[in-house]
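Commentary on secondary and tertiary structure
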Amino acid sequence: MEIFVTGIGAISAIGDNSAEIFLSLKKGKTGISYLDFLDTKFKDFPCGEIKKDYFSLANAAQISDKLPLVRTPLLGLIAANEALKMATLEKKSRIAFVSGTTVGGMDRMEMFYDDFVNNDKKNFWLYPHNIGDSTDFIAENLEIKPTFTTSISTACSAGANAILYASMLIESGKFDIVIAGGAESLSKYHFNGFNSLKILSTEVCKPFDENRNGLNLGEGAGYLVLESFESIKKRQKEPLCKLIGVGNACDAFHQTATSDLGEGPYLAMTKAIRYADILPQEIDYINCHGTGTLNNDLTELRALNRVFGDKIPDFSSTKSFTGHTTSASGALEAVISVMCLKNNFLPMNLGFETPISELNFSPLTFSKEKKLNFVMSNSFGFGGNDTSLIFSKS
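Parameters and conventions
- Residues numbered from 1 in each chain as written.
- Predicted model: local features only at pLDDT ≥ 70, side-chain atom pairs only at ≥ 80, totals over all residues.
- Heavy atoms only, no water.
- Salt bridge = Lys/Arg side-chain N within 4 Å of Asp/Glu carboxyl O.
- Buried < 20%, exposed > 50% of the residue type's maximum accessible area, 1.4 Å probe, protein only.
- Pairing = 2+ DSSP bridges.
- Helix = DSSP H or I, 4+ residues; strand = E, 2+ residues; numbered from the N terminus.
- Axes fitted to C-alpha atoms, helices over the stretch in contact; angles between N-to-C directions.
- Contact = heavy atoms within 4.5 Å.

What follows deals with the pattern of salt bridges. Counted according to the given criterion, the structure contains 14 salt bridges. Note that glutamate 203 and lysine 206 form a salt bridge whose closest N and O atoms lie 3.8 Å from each other. Classification of lysine 206 as buried rests on a relative accessible area of 17%. Linked through salt bridges whose partners overlap, the residues forming this network are Asp36, Glu49 and Lys51.

Structure (structure tokens):
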């Protein structure tokens, strides 16, 4: 079954919408800087923080600032409504909504930890902590209300898995239109957790570089509107592109590390290529997971080498622009991949200087224009839950 992308929306450290994000990619402008809003002792770690407070985000999301404000669903609502607007759906449209996140409303809950321990005055903030609450908030405040909502939580592949699940909903015939993606805000939990793994960098990350020393965290959201052929034909809607390949695998090698040969990434990519019914050499560009950590970048390159041999397509990581937006990353990078495909543009891999000695493969060191037909987007999560998506010209 053919599945089409008819709308995209995003917000990140390099732009308040998909157009601004694409312009930053073209200019080679990173959004990595130091924290202004999150109150944490880890101020020395640069990250992709969106420079808006709760009230500014509420205004952008067209939500009353008198409501209890939680950062993750506000980011998600901004991006999802942009995607809806681009898709030009009618109010009567029957749609599903699938959203990925991990921290949910933890940004607010952790502010009031002492209150929870000592009294009951702030117990309300326990409820938005639930990831399902973030999904429901977005769904309830969308310009078109979904008739089905669900949440995906598979760490850094959650946004990509939301898109994969959306494709299953359309293929099954249950829905003709699905909004899918992910949203994630920065939190103390993020910094404490990733710092305990000793994988945060004190400089702008350098994906796939021999001297890489860790990742930069980020926040943001990205959503796609996916539709069946019958739906776009009925609406006479011109699509942006097709989603032609999806692949998910779980190597279950380690809680936080990829296996030495990149078995999970290898399986995810090969499944997506087989699903798309194309040859590996037909892939024109890969938006890699590329976190800038020692383990991920080496094992992802090994997996790429297993799939493509010595003829790896043009590839880059955009995390040195946005930071690693964790559960939102797969969806945000899917939006970026769609924009690259639509505009025949390849973004550079910021910060790269020296190839990893073992494999000597280099990502794109400069942005360029190139005719694109097939683009792959990789997203790899903790526990080895790995997903690859392939988009094509429509």
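Take the sheet that holds strand S1 (residues 3–11) next. Read across the open sheet, the ten strands follow the order S3-S2-S4-S5-S1-S6-S12-S11-S7-S8; overall the sheet is mixed. Across the chains shown, the open sheet's two edge strands, defined by having one partner strand only, are strand S3 (148–152) and strand S8 (314–316). Going from strand to strand, the sheet's axes swing by 25° on average, the running direction of each strand aside. Alignment of S1 against strand S6 (residues 241–250), held across three bridges, turns out to be antiparallel. When the sheet's bridge partners are listed, valine 5 is paired in S6 with cysteine 241. Sitting on the sheet, helix H7 (residues 158–171) touches S1, strand S2 (96–100), S3, strand S4 (177–184), strand S5 (220–228), S6, strand S11 (374–380) and strand S12 (385–392), and the angle it makes with S4 is about 170°.

Purely spatial values, then, with no claim about function.
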